[in-house]
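A closer look at the structure
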Amino acid sequence: MAITVPRPDLSAAEKTYLPALWEGLKVTARHFKNNLFGKGKVTMEYPEERWDSHLPEYYRGVPALVTDEHGKDRCVSCQLCEFICPPRAITITPGEIPPGDTFAKTEKRPQEFKIDMIRCIYCGMCEEVCPEQAIFLQKDYLVVGTRREDMVHDKQKLYEIGGLKTGLVNKWDEKK
Amino acid sequence: MPDFIQPWLFLLPIIIKVVVVFAVVMGLVAYASLAERKVSAFIQDRVGPNRVGLPLTLLGFKKDLAIGGLFQPLADGLKFLLKEDLTPGHVKPFYYWLAPALTVVPALLTIAAVPFGSTLFGYKMVVADINVGFLFVFAIASVGVYGIVMAGWSSNSKYSFLGGVRSSAQMISYELSMGLSLVPLLLVMGELNLGKIVEYQAWHGWTLLPFTDLRIQWSPHWEISGLNWREILLWIPMLISFVIFTTAVFAETNRAPFDLPESETELVGGYHTEYSSMKFACFFMGEYAAMITGCALITTLFLGGWHLPIPIIHDGAFSLQTRTGDHGTLWGILNILTFLGKVIFLVIFFMFVRWTLPRFRYDQLMRLGWVWFFEIALANIVLVAVLLAFFPK
């Protein structure tokens, strides 16, 4: 059924549009004046002002690999992140840890670990799925490059971004 | 000096005036586009263009000169010049190329008859001091519609076509009430020369503010001159004329709230949908030049043109007096600056209106033009004629 929306009855003054123009001009002039004197500005002017101090705890920035306080690279190249990654951004080449090494018990470490930052969607699935607490989404959000190859983070770069992370759970420890 | 130059020397001041006026108008056009973006940004709580400075580092300096985006028009101009100039395959090339020129030229031509100052070094500050200046302005301004119609037709696309048709219908409708709204002014002043219209206002008070030649004397006896019943009564029709003329200028220059020819939500870009690069820039410049010309006309006809009333207390009397270039070069320059100030004020008012009002519907636009403004303008003429019959000069 058609609904008839009643049109408001306008007074003769309102029909000239002039009172509306005057009221509207008052509003726009107020905004103009406020912004002219620097009040009411809501834009963050990006390269000079940054989000960094306003980022929430749970912010999902670039994924990166971490080293723990024992100097061990946490990743054991189980490739779970590679399999879970929705856009298939992660490529891992697993490598053996030779017997006699300090960390020989973990058997494997990535020989190469690549995350294609053009594909990455910052979903955090890799962090979620990692059984070894090896990959974390950092608060960095600036990924730039002039070529496609620049946008692929390799193992070295990933450890560089991730850095040292302490207080992680070691499966062989009693506490924590 | 060789003899054969002598008879041509009179051209020199004219050429200087033409070049200076052209440069100033083009500068105003460029910076009006920046002002529009800045004003709209401030009205909408944004920042607006604030980046473009002079890239001095390219010339070997240490730092770029960044002054709040003031060089944005330069960057825009450069961009327009360097962009690919695309002529689509489905257009009529001759008219397609002619249209941008036909839009920008009339807008710039009109300014020739507008007096932008009193006198300077004995020369009248107007490019073409013609006795039919008034008619010249209207004749040339209405030529501007051909550019838009041509652009719409030659583009051979439905958006451009609808934009062109809308624009021509709108301009022709409003031209009528625009012309009629000014007949009362002509009745009062009896003058078609825009320079003389301004001079009349300088000595008898502005059309819109008839008390700008006020004189109050308290010693030796009380006397008030400069504002009489005739002026007060004529003030009413003059206000009506002002409202109609200003609104018609909005419609003539295709500015919001009458920007139906290029209403981007319906018609993509309107009549200039198919244009790119410098040809688009020509339409853009034409629009802004038309706006500046329109503001200059409103200033000339209603706001006293270059006239600035100087308050002076002398011999027991307060009076608002007129100073022209004949009183000294500085006064002449002040007159020019006054004119520029008034025009810039009006341009900013135009921008405020654009970012305040929503667009009219097409039937509202036509109703406003034909039913209201046309009739009111006609009645206004009769009113002024009757008033003038009772209060002759």
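These numbers come from a predicted model, not from an experiment.

**What about the side chain of B:Glu287?**
Turning to its location among the elements, B:Glu287 is positioned in helix H9 (residues 277-302). Other than its neighbours up to four places away in sequence, B:Glu287 contacts B:Thr253, B:Asn254, B:Arg255 and B:Glu262.

**A few points about the pairing of strand E5 (residues 310-314) of chain B**
Residues and elements named next belong to chain B. Sheet topology note: the E5/strand E6 (residues 317-321) ladder contains five bridges and is antiparallel. Counterpart to Ile312 in the pairing with E6 is Ser319. Connecting the antiparallel pair E5 and E6 is a turn made up of two residues, with Asp315 showing a positive phi of about 55 degrees.

**Describing a nonpolar patch on the surface**
Residues and elements named next belong to chain B. On the surface, a cluster of nonpolar side chains totalling about 610 Å² of accessible area is made up of Phe4, Ile5, Leu9, Leu12, Ile16, Val20 and Val24. Here Phe4 lies in the segment before helix H1 (11-43). The class of Phe4 is exposed, set by a relative accessible area of 61%.

**Comments concerning the environment of B:Cys295**
Residues and elements named next belong to chain B. Checked against the element boundaries, Cys295 lands in helix H9. Sequence-wise, Cys295 and Pro261 are 34 residues apart; in three dimensions their C-alpha atoms are separated by 21 Å. When neighbours within four sequence positions are excluded, Cys295 is seen to be in contact with Val343, Leu346, Val347 and Phe350.

**Some remarks on unusual backbone geometry**
With a phi angle near 55 degrees, A:Arg88 is a residue other than glycine that sits in the positive phi range. Along the polypeptide, A:Arg88 turns up in the loop between helix H3 (80-84) and strand E2 (90-96). Within the chain, B:Asn156 stands out as a residue other than glycine whose phi angle is a positive 55 degrees. Following the sequence through the fold, B:Asn156 ends up in the loop between helix H4 (133-154) and helix H5 (158-189).

**Section: the sheet that holds strand E5 (residues 152-153) of chain A**
All names here are of chain A. Read from one edge to the other, the open sheet built from three strands follows the order E2-E3-E5, with strand pairing classed as antiparallel. Where the open sheet ends on each side, the last strands, each with one partner, are E2 and E5. Bridge count between E2 and strand E3 (residues 108-116): seven bridges; the pairing is antiparallel. What sits directly across from Thr91, in E3, is Lys114. Against the sheet, helix H5 (residues 155-162) engages E3 and E5, with an angle of about 85 degrees to E3.

**Here we look at the pattern of salt bridges**
Residue and element names in this part refer to chain B. The full count for this structure, using the stated rule, is 14 salt bridges over all chains. Of the charged contacts, one joins Arg255 and Glu36 as a salt bridge, the two residues approaching to 2.8 Å between their closest N and O atoms. On the criterion of sequence distance, the pair formed by Arg255 in the loop between helix H7 (229-252) and helix H8 (264-267) and Glu36 in helix H1 is long-range, its members being 219 residues apart. Residues Arg255 and Glu36 agree in their burial class; the two are buried. A salt bridge links Asp85 to Lys279; the shortest N-O distance between them is 2.9 Å. Of the two residues, Asp85 sits in the loop between helix H2 (72-82) and helix H3 (93-109) while Lys279 sits in helix H9, which places them 194 residues apart along the sequence. The buried category is assigned to Lys279, whose relative accessible area is 5%.

**Re the packing of aromatic side chains**
All names here are of chain B. Under the defined criterion, the tally for this structure stands at 20 aromatic pairs over all chains. Between Phe94 and Tyr95, the aromatic rings sit 5.2 Å apart at their centres with planes inclined by 80 degrees, giving edge-to-face as the arrangement. Ring centres 5.4 Å apart and planes at 65 degrees place the aromatic pair Tyr271 and Phe283 in the edge-to-face group. Here Tyr271 is found in the loop between H8 and H9, whereas its partner Phe283 is found in helix H9, with 12 residues between them in sequence. The pair formed by Tyr271 and Phe283 is uniform in burial state, with each residue classed as buried. An aromatic cluster is defined as three or more aromatic residues linked by ring pairs; in this entry it consists of Phe80, Phe280, Phe284 and Tyr288. Geometry around Trp97 places Lys279 over its ring, the cationic atom sitting 4.0 Å from the centre.

Reading the values: the criteria
Residues numbered from 1 in each chain as written. Chains lettered and ligands numbered in written order. Predicted model: local features only at pLDDT ≥ 70, side-chain atom pairs only at ≥ 80, totals over all residues. Heavy atoms only, no water. Helix = DSSP H or I, 4+ residues; strand = E, 2+ residues; numbered from the N terminus. Contact = heavy atoms within 4.5 Å. Pairing = 2+ DSSP bridges. Patch = residues over 30% accessible without salt bridge, like charges linked within 9 Å, V, L, I, M, F, W, Y side chains within 5 Å. Areas by Shrake-Rupley, 256 points an atom, 1.4 Å probe, with all protein chains shown as cover. Salt bridge = Lys/Arg side-chain N within 4 Å of Asp/Glu carboxyl O. Buried < 20%, exposed > 50% of the residue type's maximum accessible area, 1.4 Å probe, protein only. Axes fitted to C-alpha atoms, helices over the stretch in contact; angles between N-to-C directions. Phe/Tyr/Trp six-rings, centres within 6.5 Å; stacked < 30°, edge-to-face > 60°. Lys NZ or Arg CZ within 6 Å of the ring centre and 35° of its normal.

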